[in-house]
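Report on the structure
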Amino acid sequence: MTAPPRPRAVAPADEAVRAVVGRARRTTWRYAALGIAVPAVLLLGWQAAGMAGLVDTLLFPPPSRIAVRCVELAASGDLGADTAATLGRLVPGYVIGAAAGALAGFVMGVSRTAGAALGPLFSALYSVPKIAVLPLLLLLFGLNDTPKILAVAITVFFVLQINTASAVRQIDPRLLESARSYGASGLRLLRFVLLPGALPGVLTGLRTASGLGVVVVVAVEFVASESGLGHLIWNAWTLFQPDRMYVGLVAVAMLGSLFSAAVTLAGRRAMPWRSR
Amino acid sequence: MTVPPPMVSAQDIGKFFLAADGRAVQALDGVSLTVREGEFVCVVGPSGCGKSTLLRILGGLVEPTTGTVARRPGQPPVPPAAFVFQDFAVLPWLTVRSNAAFGLRMAGVRRRAAERAADAWLLRMDLADFADGYPDQLSGGMRQRLALARAFATGSPVLLMDEPLGSLDPQTRRLMQEQLLALWQEERKTVVLVTHSLDEALLLGDRVLVMSARPGRVIEELAVPFARPRDPGIQDGPEFGRLRARIWDRLRDQLSVSAR
């Protein structure tokens, strides 16, 4: 008698699995490469056009010159100092505004009375462009960092307040009922149901606010500051230094994307149940 | 033989709701019922007849507009009643273990003790391997078993189930009915189960209450004659079919009332 044939089916199935995984991985890589290739090609085109004299290099200095200028500014410490100044306004403003906004939104979402009392007032205030109150803040607090931090905080506050309040109200009533049926109330309801239930909405607010916070801090630094990336950009305009201006623009863009990436990452860590 | 004491009894329950258009709608009208210790009572009725509302009133989740409910108080930390809902209603942000322990935690049991009790029930419900995962990673049937584990883990003598198997596919549902039957026969809890399935009511219940179209009243009460412990095979016998036909006759009139 011959030995039974080895289960051959395993090998082809294995191969099929590998093929599927390989295809998925290649697709992922291809899209990632595309995302990098397009900006790279655009930069190269800009560089080539500048070198060929097709664009005015005074207004559009080629990327290589911007890069050189960037290294110079970084080496001299100017870029670092301006970035630090901007962060020193953005981060405290963001943290204060986010904490106050999330708290206010939470109270307004949980308590119908608070929602009724504050809702109309806050939606009226929300429609005031926050940057428009900067002169008032300058008048109140003088030419220091306080009005700049507050301008960021006010912007972030409203975004968080609105997102958090609606997140609390949108918690699935069936989940609330089921939690209540097991006797959840007060602090336990807060900890086990309301806080985690509202978290996705809070994080949406945090992400939106991170972008807006960068916009506001730069705008504030344009007009009322002697330091910071906003001042760097504005000052480069008044002194007609386009390459320095581009360095500022690139730095702001990177600051903004790193900031929202950090918020997104923190959000993922805070919500392990939403993996994938 | 002594009659077991009543665990939940409702006297002349009426319930009015305010509908979205501002009109008052009567959901229940003069419902009385007594559920005794260890009894399995099933409630069937047309959609919207107020049977889910009745269940919530029995559990104290909703206040009746008229009438009174008496529950035998639980021994803290054991709650007087534990619910199982149709759409599982397990909390997506808690792990499977924390969900199973949820009822105990809410009753004030310390985390360690609650999780030990939860783990024992997860094991019985075949969910031990998923204890550290999240409900999103479970199938519908598994999520429903988790909801059952959460209810059983509280140790509550009364289980109130609202269409607990209603969102499962027919095969899973039948399997879960058999599991529920076996589980009840081991635990002998007092159960009120609201269901659309006449088979489910007859397989599991000691008594079946048939409710009318809205406003819901109890229009028929039927004692299920099958001896305990029951075998799921009774569903294929002639007596089962006869009882089902009898309930269906009563129910059909009510369905046409509510369709009109």
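Residues numbered from 1 in each chain as written. Chains lettered and ligands numbered in written order. Predicted model: local features only at pLDDT ≥ 70, side-chain atom pairs only at ≥ 80, totals over all residues. Heavy atoms only, no water.

An unreviewed UniProt entry annotates chain B as Nitrate ABC transporter ATP-binding protein originating from Streptomyces albospinus.

An unreviewed UniProt entry annotates chain A as Nitrate ABC transporter permease originating from Streptomyces albospinus. Taken verbatim from the UniProt record of chain A, the Subcellular location (unreviewed entry) comment is "Cell membrane". Of chain A, the UniProt comment under Sequence similarities (unreviewed entry) reads exactly: "Belongs to the binding-protein-dependent transport system permease family." (UniProt positions renumbered as here; feature names shortened; annotations may be inferred.)

Here we take up unusual backbone geometry. Both trends apply: most residues other than glycine have a negative phi, and most peptide bonds are in trans. All names here are of chain B. Residue R214 is joined to P215 through a cis peptide bond whose omega torsion reads -5 degrees. The residue after R228, namely P229, is reached through a cis peptide bond having omega -10 degrees. Look at A89: it is not a glycine, yet its phi comes out positive at around 50 degrees. With respect to the helices, strands and loops of the structure, A89 is situated in the loop between β5 (82-84) and α2 (96-106). Residue classification places A89 among the buried positions, given a relative accessible area of 4%. Residue D126 is not a glycine yet carries a positive backbone phi of 65 degrees. (Helix = DSSP H or I, 4+ residues; strand = E, 2+ residues; numbered from the N terminus. Buried < 20%, exposed > 50% of the residue type's maximum accessible area, 1.4 Å probe, protein only.)

Residue and element names in this part refer to chain A. With 15 residues, helix α4 (residues 112-126) should cover 21 Å at 1.5 Å per step; its first-to-last C-alpha distance of 20 Å lies within 8% of that length. Of all the bends in α4, the greatest, near 40 degrees, is centred on L118, and the proline P120 appears no more than four residues after it. Restricting attention to buried positions, one finds in α4 the residues A114, G115, G119 and F122. Contacts from the buried residues of α4 go to α3 (78-110) and α6 (145-169). (Expected span 1.5 Å × (residues − 1). Bend = angle between axes of the 7 residues up to and from the residue. Contact = heavy atoms within 4.5 Å.)

Here we take up the domain arrangement of chain B. Residue and element names in this part refer to chain B. When the domains of chain B are assigned, the result is domain 1 (6-72 + 158-259) and domain 2 (88-156). For domain 1 and domain 2, the distance between their C-alpha centroids amounts to 25 Å. Listed per partner, the contact involves 15 residues of domain 1 and 13 residues of domain 2. With both chains or domains summed, domain 1 and domain 2 bury close to 1100 Å², and 65% of this area falls on carbon and sulfur atoms. Connecting domain 1 to domain 2 are 5 residue pairs in polar contact (both at pLDDT 80 or more). Within the residue set of the side of domain 1 that touches domain 2, elements represented by two or more residues are β6 (158-162) and α5 (170-187). Ranked by residue count, the leading element in the side of domain 1 that touches domain 2 is α5, at 7 residues. (Domains from an automatic or database assignment. Buried area = accessible area lost by both parts, 1.4 Å probe. Polar contact = N/O pair within 3.5 Å; in protein donor to acceptor, adjacent residues only side chain to side chain.)

Taken as a whole and judged by the stated rule, the model has 15 aromatic pairs over all chains. Seen from their ring centres, F222(A) and W234(A) are 5.0 Å apart, and the 35 degrees between their planes marks the pair as tilted. A residue pair is termed long-range when its members are at least 10 positions apart, and F222(A) in helix α8 (residues 186-224) and W234(A) in helix α9 (residues 229-238) qualify at 12 residues. Judged by its relative accessible area of 36%, W234(A) is partly exposed. On the basis of an interplanar angle of 55 degrees and a centroid distance of 5.5 Å, the ring pair of W234(A) and W237(A) is categorised as tilted. Of this pair, W234(A) and W237(A) both sit in helix α9, 3 residues apart, which is roughly one turn of that helix. Assessed through its relative accessible area of 54%, W237(A) is described here as exposed. Linked through ring pairs, F122(A), Y126(A), F157(A) and F158(A) together constitute an aromatic cluster. Note that K15(B) overlies the ring of F17(B), its terminal NZ or CZ placed 5.4 Å from the centroid. (Phe/Tyr/Trp six-rings, centres within 6.5 Å; stacked < 30°, edge-to-face > 60°. Lys NZ or Arg CZ within 6 Å of the ring centre and 35° of its normal.)

The subject of this paragraph is the sheet that holds strand β1 (residues 6-18) of chain B. Residues and elements named next belong to chain B. If you trace the 3 strands from one edge of the open sheet to the other, you get β2-β1-β4, paired in antiparallel fashion. Looking along the sheet, the strands with just one partner apiece sit at the ends: β2 (24-36) and β4 (66-71). Ignoring strand direction, the axes of neighbouring strands in this sheet form an average angle of 15 degrees. Both β1 and β2 contribute to a ladder of 9 bridges, which runs antiparallel. Within the sheet, the bridge partner assigned to V8 lies in β2 and is V35. (Pairing = 2+ DSSP bridges. Axes fitted to C-alpha atoms, helices over the stretch in contact; angles between N-to-C directions.)

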